[in-house]
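# Architecture at a glance
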Amino acid sequence: MIQKNYLESIAGDGIVAKVSKGALIQHNEINSACVRSAGNNAACWVWQCKDAVIQYNEVYNTGLVNGNLDGQAFDSDYSSIGTIIQYNYSHDNDGGFVLVIAPEKRSYNVGTIIRYNISENDSKDVFEISGEVDNAAIYNNTVYQDEEHLTTLLRVNTYWGVSKSAVFCNNIFYSKGEGVVLEKTDNGRPLRGNITFDNNAFYGFA
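Here we summarise the structure given alongside this text. (Residues numbered from 1 in each chain as written. Predicted model: local features only at pLDDT ≥ 70, side-chain atom pairs only at ≥ 80, totals over all residues. Heavy atoms only, no water.)

## Quick word on the sheet that holds strand β20 (residues 142-145)
Put simply, the test is: A strand pair is defined by DSSP finding two or more bridges across the two strands. We count a stretch as a helix when DSSP gives it H or I for four or more residues in a row; a strand needs E for two or more, and each element gets its number in order from the N terminus. Lines are fitted to the C-alpha atoms to define the axes, a helix being fitted only along its stretch in contact, and any angle between axes, read from their N-to-C directions, falls within 0 to 180 degrees.
What the eight strands build is an open sheet, ordered β2-β5-β8-β12-β16-β20-β23-β26; its pairing is parallel. Strands at the two margins of the open sheet, each flanked by one partner only, are β2 (6-8) and β26 (201-203). The mean inter-strand angle of the sheet, taken between neighbouring strand axes irrespective of direction, is 5°. Summarising the sheet, β2 and strand β5 (residues 29-31) pair through three bridges and their orientation is parallel. In the sheet register, Y6 faces β5, and the bridge partner there is E29.

In structure tokens form, the structure reads like this:
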């Protein structure tokens with residue numbers, strides 16, 4: 001259990017659970033992680049975990065410097081099963097809200113659930129689905145962007161493989177800016193993989 005901590009000005013990763021079963025990360029505040037490291041870092045994430053729960057955290061001002069390709073508030077990383085990311089407040093993160101990734105053929109990411117979160121003014125890509133992600137469910141989240149944050153709602157990265165199954169349902173996506181893109185893919189490829197949008201509410205997204 002990792003709870004009730006305050007982290008500020010962290011060079012790379014903020015909180016990471018690795019090779020764990022039932023890890024619980026809750027009621028933490030992470031301010032300005034990933035602000036100096038050249039690695040691929042995120043503020044709060046799990047790696048090779050089963051049934052991890054990340055909840056009731058506030059993450060903001062996560063950086064994206066020195067070649068870091070991630071910079072998200074949250075990340076369900078490879079070789080993880082049943083990760084739940086819920087009831088979090090993510091805002092003003094340079095790399096976006098959340099990454100779900102299975103970056104190698106010998107790896108996997110199965111059953112990630114992302115629900116009941118608020119993402120406000122997160123930059124780059126609010127959501128990123130990367131590689132052979134399987135049975136991901138993203139529902140009942142609220143995403144808000146003001147006029148100054150012209151971002152991408154979803155990036156689908158197929159460099160590591162094509163997603164097997166991801167569903168976005170019952171989410172609210174609200175943008176006050178113009179020209180905000182709903183989705184983009186890597187290397188100019190058209191959208192690939194089994195990704196479904198169902199019963200979401202959109203305002204202001206192209």
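## Some thoughts on unusual backbone geometry
Applied cut-off: Buried, partly exposed and exposed residues are distinguished by accessible area as a fraction of the type maximum, computed with a 1.4 Å probe on protein chains only: under 20%, between the cut-offs, and over 50%, respectively.
Despite not being glycine, S9 has its phi angle at roughly 55°, a positive value. Residue position: S9 is located in the loop between β2 and β3 (15-21). The exposure class of S9 is partly exposed, given its relative accessible area of 37%.

## Remarks on the sheet that holds strand β11 (residues 84-86)
Across a sheet, paired strands are connected by hydrogen bonds in the backbone, their directions being either parallel or antiparallel. What the eight strands build is an open sheet, ordered β1-β4-β7-β11-β15-β19-β22-β25; its pairing is parallel. Single-partner strands in this sheet number two, and they are β1 (2-3) and β25 (195-198). The pairing of β11 with strand β15 (residues 113-115) spans three bridges and is parallel. Residue pairing for β15: Q86 is matched across the bridge by R115.

## Points about the environment of D70
The criterion, for reference: Pairs of residues are marked as contacts when any of their non-hydrogen atoms sit within 4.5 Å.
Secondary-structure assignment places D70 in the loop between β8 (58-60) and β9 (74-76). Considering only alpha carbons, one finds D70 and K50, 20 residues apart in sequence, at a separation of 22 Å. Those residues in contact with D70, other than ones at most four positions away along the chain, are N40, N41, L64, G95, L99 and K124.

## Some points on the pairing of strand β22 (residues 166-169)
If a strand is regular, its side chains alternate between the two faces of the sheet. Along β22, the buried face is formed by A166 and F168; none of V167 and C169, which line the opposite face, is buried. The pairing of strand β19 (residues 136-139) with β22 spans four bridges and is classified as parallel. The residue of β22 that forms the bridge with I138 is F168. As defined by bridge partners, β22 adjoins β25 across four bridges and the pair is classed as parallel. Within β25, the position partnered with V167 by the bridge is T196.

## Side note on the environment of N57
The test is simple: Within 3.5 Å is the distance limit for a polar contact, defined as a pair of N or O atoms, with the added protein rule that one can donate a hydrogen and the other accept it, and that residues adjacent in sequence qualify only through two side-chain atoms.
Inspection of the secondary structure puts N57 in the loop between β7 (53-55) and β8. For N57 and C44, which are 13 residues apart along the polypeptide, the C-alpha to C-alpha distance reads 9.2 Å. Aside from chain neighbours lying at most four places away, what touches N57 is I25, Q26, H27, N28, F74, Y87, N88 and Y89. There is a polar contact of 3.3 Å between the side chain of N57 and the backbone nitrogen of H27.

## Quick word on the layout of surface pockets
As a reminder of what qualifies: Here a cavity is any set of points on a 1 Å grid over the protein atoms alone where a 1.4 Å probe fits but cannot get out, and a pocket is any open set with protein on both sides within 12 Å along at least 5 of 7 lines; a residue lines the site when it has an atom within 4 Å of a point. Grid points are joined across faces, edges and corners, and a volume is the space filled by probe spheres set on the points. Gly is put with the polar residues, along with every residue not named as nonpolar or charged; the nonpolar set is Ala, Val, Leu, Ile, Met, Phe, Trp, Tyr, Cys and Pro, and the charged set is Asp, Glu, Lys and Arg.
Reported here for the largest pocket is a volume of approximately 460 Å³. Residue lining of the largest pocket: 21 residues in total, with N40, L69, D70, I101 and W160 positioned closest to the centre. When contributions to the lining of the largest pocket are tallied by element, the ones reaching two or more residues are β6 (44-50), β13 (98-102), β17 (125-131) and β21 (152-157). Among the residues making up the lining of the largest pocket, the classes are represented as nine nonpolar, four polar and eight charged.

## A short note on the pairing of β17
In terms of residue burial, β17 counts as a mostly covered element, since seven of its seven residues are buried. Bridge analysis of β13 against β17 gives five bridges, and the strand direction is parallel. When the sheet's bridge partners are listed, V100 is paired in β17 with I129. Pairing between β17 and β21: five bridges, direction parallel. The partner of S130 across the bridge, within β21, is N157.

By themselves these figures say nothing about function.
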